[in-house]
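What follows is each chain in one-letter form.
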Amino acid sequence: MKHQPIKALGAAAALTILASGAQAQEISWDLALYGSPAFRVAGESFAEYVNENSGGKMEITVHNGTLSPTREVLDNVSIGAFELGYVISSYHPGKNPLLSVLDLPFLPIPTMEDRLAVADLVYDNPHVKKEFAKWGGRPGDDRGAAEL
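Residues numbered from 1 in each chain as written. Predicted model: local features only at pLDDT ≥ 70, side-chain atom pairs only at ≥ 80, totals over all residues. Heavy atoms only, no water.

### Concerning helix α5 (residues 126–133)
When we look at burial in α5, the residues that qualify are Val128, Glu131 and Phe132. An end-on view of α5 places all buried positions within 95° of arc, on one side of the element. Facing away from the buried side of α5, by more than 90 degrees, are the exposed residues Pro126, His127 and Lys130. If you check the start of α5, you find a side-chain oxygen 2.7 Å away from the backbone N of His127, and it comes from Asn125. (Buried < 20%, exposed > 50% of the residue type's maximum accessible area, 1.4 Å probe, protein only. Helix = DSSP H or I, 4+ residues; strand = E, 2+ residues; numbered from the N terminus. Arc of directions from axis to C-beta. Polar contact = N/O pair within 3.5 Å; in protein donor to acceptor, adjacent residues only side chain to side chain.)

### Here we look at helix α2 (residues 37–53)
Here α2 contains 17 residues, and its C-alpha end-to-end distance of 24 Å stays within 8% of the 24 Å for a straight helix at 1.5 Å per residue. Turning to α2, its buried residues number three or more, namely Phe39, Ala42, Gly43, Ser45, Phe46, Ala47 and Val50. With its phi angle positive at about 65°, Gly55 sits one or two positions after the end of α2. (Expected span 1.5 Å × (residues − 1).)

### Concerning the side chain of Ser89
Topologically, Ser89 is positioned in the loop between β4 (84–87) and α4 (112–124). Accessibility expressed as a relative area gives 6% for Ser89, which makes it buried.

### A few points about the side chain of His92
With respect to the helices and strands, His92 occurs in the loop between β4 and α4. A relative accessible area of 3% places His92 in the buried class. In contact with His92, other than residues within four places in its own chain, are Arg71, Leu74 and Val87. (Contact = heavy atoms within 4.5 Å.)

### Looking at the pattern of salt bridges
Applying the stated criterion across every chain, the model contains two salt bridges. Put simply, Lys95 and Asp75 hold a salt bridge, and the shortest N to O gap is 2.3 Å. Here Lys95 is found in the loop between β4 and α4, whereas its partner Asp75 is found in helix α3 (residues 73–78), with 20 residues between them in sequence. Taking relative accessible area as the criterion, Lys95 reaches 15% and is therefore assigned buried. Close ionic contact of Asp124 with Lys129 constitutes a salt bridge, the shortest N to O distance being 3.0 Å. Exposure remark for Lys129: the relative accessible area of 38% places this residue in the partly exposed category. (Salt bridge = Lys/Arg side-chain N within 4 Å of Asp/Glu carboxyl O.)

### So, the nonpolar core
When a protein is soluble and globular, its nonpolar side chains tend to lie buried together. By size, the foremost hydrophobic cluster in this structure holds 27 residues, and its most contacted members are Leu31, Phe46, Ile60 and Leu99. The set of elements that each furnish at least two residues to this core consists of β2 (27–33), α2, β3 (58–64), α3, β4, α4 and α5. (Core = buried A, V, L, I, M, F, W, Y, C linked by side-chain atoms within 4.5 Å.)

### Focus: the confidence of the model for the chain
Averaged over all residues, the pLDDT of the chain equals 77, while 77% of them reach at least 70. Considering only residues more than four positions removed or in separate chains, one finds that residues 1–24, a stretch of pLDDT under 50, has 78 contacts. In the model, residues 142–148 has pLDDT below 50 throughout and makes 16 contacts with residues more than four positions away in sequence or in other chains. (pLDDT = per-residue confidence, 0-100.)

As structure tokens, then:
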């Protein structure tokens, strides 16, 4: 399945989305990516999914490491420099400390499905949402992002 990499990414990253006030028929957003090829493929797959399934009403342009330094993605989303950014909590220590629980080594989570379930619980936690709200965003994974 084409969107499987997104599910794997959901456990390690959060998609930050700045609420957009755009009312136009066509919406164009920029997505800041960085990191390993697997990480970039997941973001590119997400953008492709949105672009293909929005009926031409939304387009996401992927930028691999060109929009922002990794430690400043949340900062730049919060000031509106771009609309979307994939972040990993350990890349920006102190900005979303509750989310970093997913980075703890040796967590007794046996399968990727279990890891996704744990990630869903973390992303849905009101305190984690509050941390992201400070940056004008919200945590999410492929399921949350697909609600665009």
